[in-house]
Amino acid sequence: MRKLMSNRLVVPAFLALLVVALAFVMPSNFYFRVAALVWISALAVIGLNLLMGFAGQVSLGHAGFFGLGAYSVAILPAQFGLHPVIALIAGAAGCALLAFVVGRPILRLKGHYLAVATLGFGILVSMVISNEAWLTGGPDGMPVSRLTLFGWRARGADTWYWITGGLMVVGALLAVNLVASPTGRALRALHDSEVAARVVGVDVARYKLIVFVISAIYASVAGSALALVNGFITPDAAGFLHSIQLVTMVVLGGMGSILGSVVGAAVLVVLPQVLTVFHEYEHLMLGFMMMAFMILLRSGIVPSLSTLIAGRRA
Amino acid sequence: MANFWNKIGRAAATSVAVLALGAAAHAADTIKIGSSLSMTGPASFLGDPEGKTLEMYVEEINANGGVNGKQLELVVYDDAADANSARTFATRLVEDDEVIAVVGGSTTGATMAMVPVFEDAGIPFISLAGAVVIIDPVKEYVFKTPHTDRMACEKIFEDMKKNDISKIGMISGTGGFGKSMRGQCMDVAGNYGIEILADETYGPKDADMTPQLTKIKGTHGIQAVVNPGFGQGPAIVTRNYRQLGIDVPLYQSHGVASKSFIDLAGEAAEGVRLPAAALLVAEKLPDDDPQKAVVTGYKTKYEETTGEPVSTFGGHAYDGLMILVEAMKRAGSEDPAAIRDEIEKTQGFIGTGGTVNMSAEDHLGLDLSAFKMLEIKDGDWTIVN
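Note that the coordinates shown come from a computational prediction; the quantities given were computed from them, not determined experimentally. (Residues numbered from 1 in each chain as written. Chains lettered and ligands numbered in written order. Predicted model: local features only at pLDDT ≥ 70, side-chain atom pairs only at ≥ 80, totals over all residues. Heavy atoms only, no water.)

Asker: I tried to follow the domain arrangement of chain B on my own but got confused; where do I start?
Answerer: Quoted interface sizes are often the accessible area lost when the parts come together. Residue and element names in this part refer to chain B. Looking at the assigned domains, one finds that chain B contains domain 1 (30-147 + 295-367) and domain 2 (150-282 + 371-383). Each of domain 1 and domain 2 has a C-alpha centre, and the two are 30 Å apart. With 15 residues of domain 1 at the interface, the matching set in domain 2 holds 9 residues. Buried surface at the junction of domain 1 and domain 2, summed over both partners, amounts to about 1,000 Å²; 80% is from carbon and sulfur atoms. Area buried by domain 1 at its contact with domain 2 is led by His147, Val295 and Thr312, which between them contribute 43% of it. There are 0 salt bridges connecting domain 1 and domain 2. (Domains from an automatic or database assignment. Contact = heavy atoms within 4.5 Å. Buried area = accessible area lost by both parts, 1.4 Å probe. Salt bridge = Lys/Arg side-chain N within 4 Å of Asp/Glu carboxyl O.)

Asker: Can you walk me through the pattern of salt bridges in this structure?
Answerer: Opposite charge on two side chains permits them to pair, given that their charged atoms come into close proximity. Residue and element names in this part refer to chain B. In total, this model carries 20 salt bridges over all chains according to the counting rule given. For lysine 299, the salt bridge goes to glutamate 303, with nearest N and O atoms at 3.9 Å. Of the two residues, lysine 299 and glutamate 303 are both situated in helix α10 (residues 292-306); the distance of 4 residues between them amounts to about one turn of the helix. Under the relative-accessibility criterion, lysine 299 is labelled buried at 15%. Arginine 330 is the salt-bridge partner of glutamate 342, the closest N and O atoms lying 3.0 Å from each other. Here arginine 330 lies in helix α11 (residues 312-331) and glutamate 342 lies in helix α12 (residues 336-344), a separation of 12 residues in the sequence. Overall, the relative accessible area of 40% leaves arginine 330 in the partly exposed class. Because the salt bridges share partners, they merge into one network encompassing Asp48, Lys52 and Glu308. (Helix = DSSP H or I, 4+ residues; strand = E, 2+ residues; numbered from the N terminus. Buried < 20%, exposed > 50% of the residue type's maximum accessible area, 1.4 Å probe, protein only.)

Asker: Any chance you could explain the packing of aromatic side chains here in plain terms?
Answerer: The relation between two aromatic rings is expressed through the spacing of the ring centres and the mutual angle of the planes. Counted according to the given criterion, the structure contains 15 aromatic pairs over all chains. Seen from their ring centres, phenylalanine 65 of chain A and phenylalanine 121 of chain A are 4.8 Å apart, and the 35° between their planes marks the pair as tilted. With a gap of 56 residues between them, phenylalanine 65 of chain A in helix α4 (residues 62-80) and phenylalanine 121 of chain A in helix α6 (residues 111-131) connect regions that are remote in the sequence. Both rings, one in phenylalanine 157 of chain B and one in tyrosine 192 of chain B, keep their centres 6.1 Å apart while their planes meet at 50°; by these two values the pair is tilted. Separated by 35 residues along the polypeptide, phenylalanine 157 of chain B in helix α5 (residues 149-162) and tyrosine 192 of chain B in the loop between α6 (176-189) and β7 (195-202) bring together distant segments of the chain. Like phenylalanine 157 of chain B, the residue tyrosine 192 of chain B is buried in the burial classification. We note lysine 301 of chain B situated over the ring of tyrosine 57 of chain B; from NZ or CZ to the ring centre the distance is 5.3 Å. (Phe/Tyr/Trp six-rings, centres within 6.5 Å; stacked < 30°, edge-to-face > 60°. Lys NZ or Arg CZ within 6 Å of the ring centre and 35° of its normal.)

Asker: Sorry if this is basic, but what is going on with α11 of chain B here?
Answerer: All names here are of chain B. An ideal rise of 1.5 Å per residue puts 28 Å on 20 residues; α11 measures up with 29 Å between its terminal C-alpha atoms. The element α11 is largely enclosed, with a buried count of 14 among its 20 residues. A positive phi of about 65° marks glycine 332, the residue just after α11. (Expected span 1.5 Å × (residues − 1).)

Asker: Explain the pairing of strand β10 (residues 273-277) of chain B here, please?
Answerer: Put simply, side chains in a regular strand alternate between the two faces of the sheet. All names here are of chain B. Along β10, 5 of the 5 residues are buried, which leaves the element largely enclosed by surrounding structure. The side-chain alternation of β10 yields two buried faces, one formed by Arg273, Pro275 and Ala277 and the other by Leu274 and Ala276. As judged from the 5 bridges shared by β10 and strand β13 (residues 371-377), these two strands associate in the antiparallel manner. Residue pairing for β13: alanine 277 is matched across the bridge by phenylalanine 371. (Pairing = 2+ DSSP bridges.)

Asker: Quick question: what am I supposed to make of unusual backbone geometry here?
Answerer: Most peptide bonds are trans, and most residues other than glycine sit at a negative phi. All names here are of chain B. Following aspartate 136, the chain continues into proline 137 via a peptide bond in cis, with omega recorded as 5°. Note that proline 137 resides in the loop between β4 (125-127) and β5 (142-144). For alanine 80, which is not glycine, the phi torsion reads 50° and is therefore positive. Mapping alanine 80 onto the fold places it in the loop between β2 (71-78) and α3 (83-95). In this structure alanine 80 comes out as partly exposed when scored by relative accessible area, which is 29%. A positive phi angle is found at aspartate 378, which is not glycine, with a value near 50°. If you trace the backbone, aspartate 378 turns up in the loop between β13 and β14 (380-383). What makes aspartate 378 exposed here is its relative accessible area of 73%.

Asker: What should I look at first to understand the interface of chain A and chain B in this one?
Answerer: Facing 33 residues of chain A, the contacting portion of chain B comprises 35 residues. Carbon and sulfur atoms supply 61% of the area buried between chain A and chain B, which totals about 3,000 Å² over both sides. Connecting chain A to chain B are 1 salt bridge. At the surface where chain A touches chain B, the tally comes to 11 residue pairs in polar contact (both at pLDDT 80 or more). The leading source of residues in the side of chain A that touches chain B is helix α3 (residues 29-54) of chain A, at 6 residues. Split by residue class, the side of chain A that touches chain B holds 17 nonpolar, 9 polar and 7 charged. (Polar contact = N/O pair within 3.5 Å; in protein donor to acceptor, adjacent residues only side chain to side chain. Nonpolar A, V, L, I, M, F, W, Y, C, P; charged D, E, K, R; others polar.)

Asker: What is the right way to look at the nonpolar core in this model?
Answerer: Formed by 116 residues in total, the largest nonpolar core has its most connected members in Phe157, Met160 and Met328 of chain B. Here this core gathers at least three residues from each of two domains, domain 1 (30-147 + 295-367) and domain 2 (150-282 + 371-383) of chain B. If we ignore the near neighbours within four places in the chain, the residues touching methionine 328 of chain B are Ile31, Ile33, Val67, Asn68, Leu72, Ile100, Ser333 and Ile339 of chain B. One finds Ala35, Val144, Val221 and Leu271 of chain A within the second-largest nonpolar core, a separate group that totals 105 residues. (Core = buried A, V, L, I, M, F, W, Y, C linked by side-chain atoms within 4.5 Å.)

Asker: Mind showing me how you'd approach the confidence of the model for chain A here?
Answerer: In low-pLDDT regions, the fine details of the predicted coordinates are not to be read closely. Taken over all residues, the pLDDT of chain A has a mean of 89, while the share at 70 or more is 97%. Mean pLDDT values for the elements of chain A range from 54 in helix α1 (residues 2-6) of chain A up to 95 in α4 of chain A. (pLDDT = per-residue confidence, 0-100.)

Asker: Got a minute to help me understand a nonpolar patch on the surface in this structure?
Answerer: All names here are of chain A. Together, Val85, Ile89, Leu149, Phe150 and Trp152 make up an exposed nonpolar region whose accessible area comes to about 550 Å². Along the chain, phenylalanine 150 turns up in the loop between β2 (148-149) and β3 (152-153). What makes phenylalanine 150 exposed here is its relative accessible area of 86%. (Patch = residues over 30% accessible without salt bridge, like charges linked within 9 Å, V, L, I, M, F, W, Y side chains within 5 Å. Areas by Shrake-Rupley, 256 points an atom, 1.4 Å probe, with all protein chains shown as cover.)

Asker: Can you walk me through the packing of α3 of chain A against helix α9 (residues 182-192) of chain A in this structure?
Answerer: Working note: a packed helix pair is described by the angle between its axes plus the distance between those axes. Residue and element names in this part refer to chain A. Packing of α3 against α9 leaves a shortest axis separation of 8 Å and a crossing angle of 50°. Between α3 and α9, the crossing angle belongs to the class labelled oblique. Within the contact between the two elements, α3 uses Met52, Gly53 and Phe54 and α9 uses Leu187, Arg188 and His191. (Axes fitted to C-alpha atoms, helices over the stretch in contact; angles between N-to-C directions. Parallel < 35°, antiparallel > 145°, perpendicular 65-115°, else oblique.)

Asker: Just checking my understanding: could you explain the confidence of the model for chain B for this structure?
Answerer: Residues and elements named next belong to chain B. Chain-level pLDDT for chain B is 88 on average; 92% of the residues reach the 70-or-more range. At the low end of the mean pLDDT range in chain B sits helix α1 (residues 2-21), at 49; at the high end sits β4, at 97. This stretch, residues 13-27, has a pLDDT under 50; its non-local contacts, to residues over four places away or in other chains, come to 13 contacts.

Asker: Quick question: what am I supposed to make of the environment of threonine 346 of chain B here?
Answerer: All names here are of chain B. By the secondary structure assignment, threonine 346 is in the loop between α12 and β11 (349-351). Here threonine 346 falls in the buried class, since its relative accessible area comes to 3%. Between the alpha carbons of threonine 346 and valine 256 there is a distance of 30 Å; along the sequence they are 90 residues apart. In this view, threonine 346 contacts Ile323, Arg330, Val356, Asn357 and Met358; residues no more than four positions away in its chain are not counted.

Here it is in structure tokens:
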């Protein structure tokens, strides 16, 4: 069991299977859309989980990168006539550069200080997006031109289901490989104890920066995907609440678990849709269920459940 | 191992079943209309009265026998002013609830995110949000009921023209509302021969606007000042305005058309002019005003049912629902395309926002008579014309 789970292909293969299998049981486009939103959030959450779960650094500003990715596919094609795919890559590259520049000073901070610094970064991005109305459309948002690939126009929730599902599986594959690489081992050493990691010769600052940049790229690509799926983007995507939501998904699904990232995203995207049956008590139920999850499954859904299953079998 | 995969499989099956539970059974003897409103979150001051209004009137319509002999069924979701979830709920209304029409969209962002869904599905959508982009350019299936900020500017400039004012100063809030209205005012000022000599702005959280107003006061030749803004900013502007002893007329926007503005600005509010919907001055309307019966009726019902003071935002929802219901009656069917055609043919509908005359080129259908020019006298509103 453990041996199988540790194989770096198992989790991505399972996710790919899940994407394909779910497509056969979807009753309508609405379900395809919800699933596509799950895949998009999962992609951002996998990136954030690399930072939080493996390297042990908190970021409360990840929606900032998400928003930059989203607005780059909105603005670059509209203003400079770039193809959306190029805009997506440009956005990701821009976010990587920004994360590199911002990350160097910020990642010298630890714990609460780091959290506050990333929080400040996120709020800054969201303020710029809300205020530069000539470029971003301000608080009312802006339209995003549809994606066309070789004359084929991507539209419809089912099309986007496959595109976002594919992105998510690739993201998971890359993440699993990163974790299993020497860099991943260095990151985990860093998570357990920065001092110990430094003593055995890990360049702490460098690895922190690498993973921060990688997680920014994940968030940016996820943001671009959301903008393209919706065809319209508002500053909420870059907002503080969205940052918190991403962190909650990481913690809920399980820190340091790639599968957990997907589960965490799925729970937080699907639950509000299911809970609409409670009308006014919707938010109460959501809060109650999240408390229940955190009390009963302390280390997140996936790690807690797999310990439980492993414990029963032993 | 097999055991483990069984468990995963079972978990997946359960979650799919839970998803399917969300889909309500489709009953053929009711007409389903949908809505996604910002009932919680930063725009709840819009979504809350809108949601209450829709539920209140659907209940009343059903008690009176429904529409075309069928009962209405209202499906409402709360998008908390998040454009992304508004979009998801729009998809859900179309694909899952299979509604035949939608009245909703509290904010411009949420509305614009939902528009492509309803356009693709061919479902008539009456928006309750302000900005002019919703209906300009015209979209086949999209309508809206609230007057636009462009019309507020035009109403103000019309009043200025009557009073021989042509050189003005502007001081605008930088929040979404103030920014949008400032742009619209700049755009239409030329049509009324109005020249904007000073253009100042303030942040939504600023506590003192004396520097900007001093600058306006020092600009030679200004005959009036316009303040597009929302919330407490305009009240501070009004107080500072009097403190500086500026004696030219001050025009506020419909954004401050609530009793709390008079309370906040106090005596400084005396003599301030602003455009506002008739609903605000329901009792003061002359008896021969065509809107009198509608606005007093709505106001009384809303205040009695909810125990809260009436707001123009709920009025937009009333107008949207009634325009839709009348179109459904005329169409005599539940075919969304037929209902769309009838909504577009709405003529002489009298709602809380004014008299609505729609056409293929105009999916709003309001003219400047939708606004009343008000002046604050003795701490209360008076109608100027």
